[in-house]
Amino acid sequence: GAGVSQSPRYKVAKRGQDVALRCDPISGHVSLFWYQQALGQGPEFLTYFQNEAQLDKSGLPSDRFFAERPEGSVSTLKIQRTQQEDSAVYLCASSLQNRGLLDEQYFGPGTRLTVT
Amino acid sequence: SQKIEQNSEALNIQEGKTATLTCNYTNYSPAYLQWYRQDPGRGPVFLLLIRENEKEKRKERLKVTFDTTLKQSLFHITASQPADSATYLCALGEGSARQLTFGSGTQLTVLP
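What counts, and where the lines are drawn
Residues numbered from 1 in each chain as written. Chains lettered and ligands numbered in written order. Predicted model: local features only at pLDDT ≥ 70, side-chain atom pairs only at ≥ 80, totals over all residues. Heavy atoms only, no water. Helix = DSSP H or I, 4+ residues; strand = E, 2+ residues; numbered from the N terminus. Rg over C-alpha atoms; globule rule 2.2 N^0.38 Å. Core = buried A, V, L, I, M, F, W, Y, C linked by side-chain atoms within 4.5 Å. Buried < 20%, exposed > 50% of the residue type's maximum accessible area, 1.4 Å probe, protein only. Contact = heavy atoms within 4.5 Å. 1 Å grid on protein atoms, 1.4 Å probe; cavity = no way out; pocket = protein on both sides within 12 Å on 5 of 7 lines; lining within 4 Å. Points joined across faces, edges and corners; volume = space filled by probe spheres on them. Nonpolar A, V, L, I, M, F, W, Y, C, P; charged D, E, K, R; others polar. Buried area = accessible area lost by both parts, 1.4 Å probe. Salt bridge = Lys/Arg side-chain N within 4 Å of Asp/Glu carboxyl O. Polar contact = N/O pair within 3.5 Å; in protein donor to acceptor, adjacent residues only side chain to side chain. Phe/Tyr/Trp six-rings, centres within 6.5 Å; stacked < 30°, edge-to-face > 60°.

A. View of the overall build of chain B. The helix and strand tally for chain B stands at 0 helices and 11 strands. In sequence order, chain B lays out its α and β elements as β-β-β-β-β-β-β-β-β-β-β. Relative to its length of 112 residues, chain B is compact, with a C-alpha radius of gyration of 13 Å against a globular reference of 13 Å. Across its three principal axes, chain B shows a C-alpha extent of roughly 40 × 30 × 20 Å.

Structure follows, in structure tokens:
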């Protein structure tokens, strides 16, 4: 079946521009995560949704970062007034989250954001 | 401070040998640990999950151990193949938190 998809795959933004990154999780997956991955590093947690509820946004680096999942499926990560330090790969992951069970996360291919 | 360290950034081994990757953590109390594989330009792919009360898990040529006393996990690939060449990430999950905390990864190259 279809996996997690993200768009665009690549985005170049001028410093100060706003960007919106989209994630389509696997159908039926309750949990959705956003991670930021710098070159040569592991992914770093940004935020987590359970259905449409944003349960944890402790990893968002500043109030320029905003995420939503209004209908509990597709999610958008928005970055306002982009800065050079925002350049990274943004990964989306979803998981089934059977109640009481720990399950793996399925990652999308990521969006590579370059801020010039 | 909290830290997750994976052994040397790059590991080269000969085809057919066993690759052993380490993941050490400090100031975490993980309820479980996961290992992922990541190829260039792609997202991580789940390989194995091991819980704090489990000592060892196996899946085909893969084996993972979890020692909460040593605060370490070892990840083994037996009979390694060039196709196993990738970056391997360990990730910790704490308590009821659903998000993962990742190490920086080990780049494995299996030489033919």
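B. Expanded view of the nonpolar core. W35, F75, Y88 and L108 of chain B are the most contacted members of the largest nonpolar core, which has 24 residues in total. Mapped onto this core, the elements with two or more residues apiece are β2 (10–14), β3 (19–26), β4 (32–38), β5 (45–51), β7 (62–67), β8 (72–77), β9 (86–93) and β11 (106–111) of chain B. With residues near it in sequence (within four places) discarded, F75 of chain B still touches A19, T20, L21, W35, L47, L48, L62, K63, V64 and Y88 of chain B. With 20 residues, the next largest nonpolar core counts A13, L21, I79 and C92 of chain A among its residues.

C. Here's a closer look at the layout of surface pockets. Its volume calculated, the largest pocket comes out at about 670 Å³. Put simply, the parts of the chain that give the lining of the largest pocket at least two residues each are β9 (88–95) and β11 (111–115) of chain A together with β9 and β11 of chain B. Looking at the lining of the largest pocket, the element that brings in the most residues is β11 of chain B, giving 4 residues. Split into classes, the residues belonging to the lining of the largest pocket amount to 12 nonpolar, 15 polar and 5 charged. Of the volumes computed, that of the second largest pocket is approximately 250 Å³.

D. The arrangement of the interface of chain B and chain A in detail. Residue-level contacts link 18 residues of chain B with 21 residues of chain A. For the chain B face of the interface with chain A, the top three residues by lost area are R98, Q99 and F102 of chain B, together amounting to 38%. If you look at where chain B meets chain A, you find 0 salt bridges. Taken together, the links from chain B to chain A amount to 5 residue pairs in polar contact (both at pLDDT 80 or more). Listed by contribution, the elements that provide at least two residues to the side of chain B that touches chain A are β4 and β5 of chain B. The class makeup of the residues in the side of chain B that touches chain A is 8 nonpolar, 7 polar and 3 charged.

E. Seen up close, the environment of L108 of chain B. Residues and elements named next belong to chain B. Relative to the elements of secondary structure, L108 occurs in strand β11. Here L108 falls in the buried class, since its relative accessible area comes to 1%. It is 27 Å that separates the C-alpha atoms of L108 and T69, two residues lying 39 residues apart in sequence. Those residues in contact with L108 that lie beyond four places of it in its chain are L11, I13, A19, I77, D84, S85, A86 and Y88.

F. Focus on the side chain of T106 of chain B. All names here are of chain B. Within the secondary structure layout, T106 lies in strand β11. Relative accessible area serves as the criterion here: at 0%, T106 is assigned to the buried category. Polar side-chain contacts of T106 include one of 2.9 Å to the backbone oxygen of N7.

G. Representation of the packing of aromatic side chains within the structure. Per the stated rule, a full pass over the model turns up 13 aromatic pairs over all chains. Arranged with centres 4.8 Å apart and planes meeting at 20°, the rings of W35 of chain B and F75 of chain B form a pair that is stacked. Of this pair, W35 of chain B sits in strand β4 while F75 of chain B sits in strand β8; the two residues are 40 residues apart in sequence, bridging distant segments of the chain. Each member of the pair, W35 of chain B as well as F75 of chain B, is classed as buried. Seen in terms of ring centroids, Y36 of chain B and F46 of chain B are 5.7 Å apart; in terms of plane orientation they differ by 75°. Their pairing is edge-to-face. Taken together, the residues Y36 of chain B in strand β4 and F46 of chain B in strand β5 connect sequence positions 10 residues apart. In this structure Y36 of chain B comes out as buried when scored by relative accessible area, which is 0%. Counting every residue linked through ring pairs, the aromatic cluster contains F33, Y35, F45, Y48 and F107 of chain A together with Y36, F46 and F102 of chain B.

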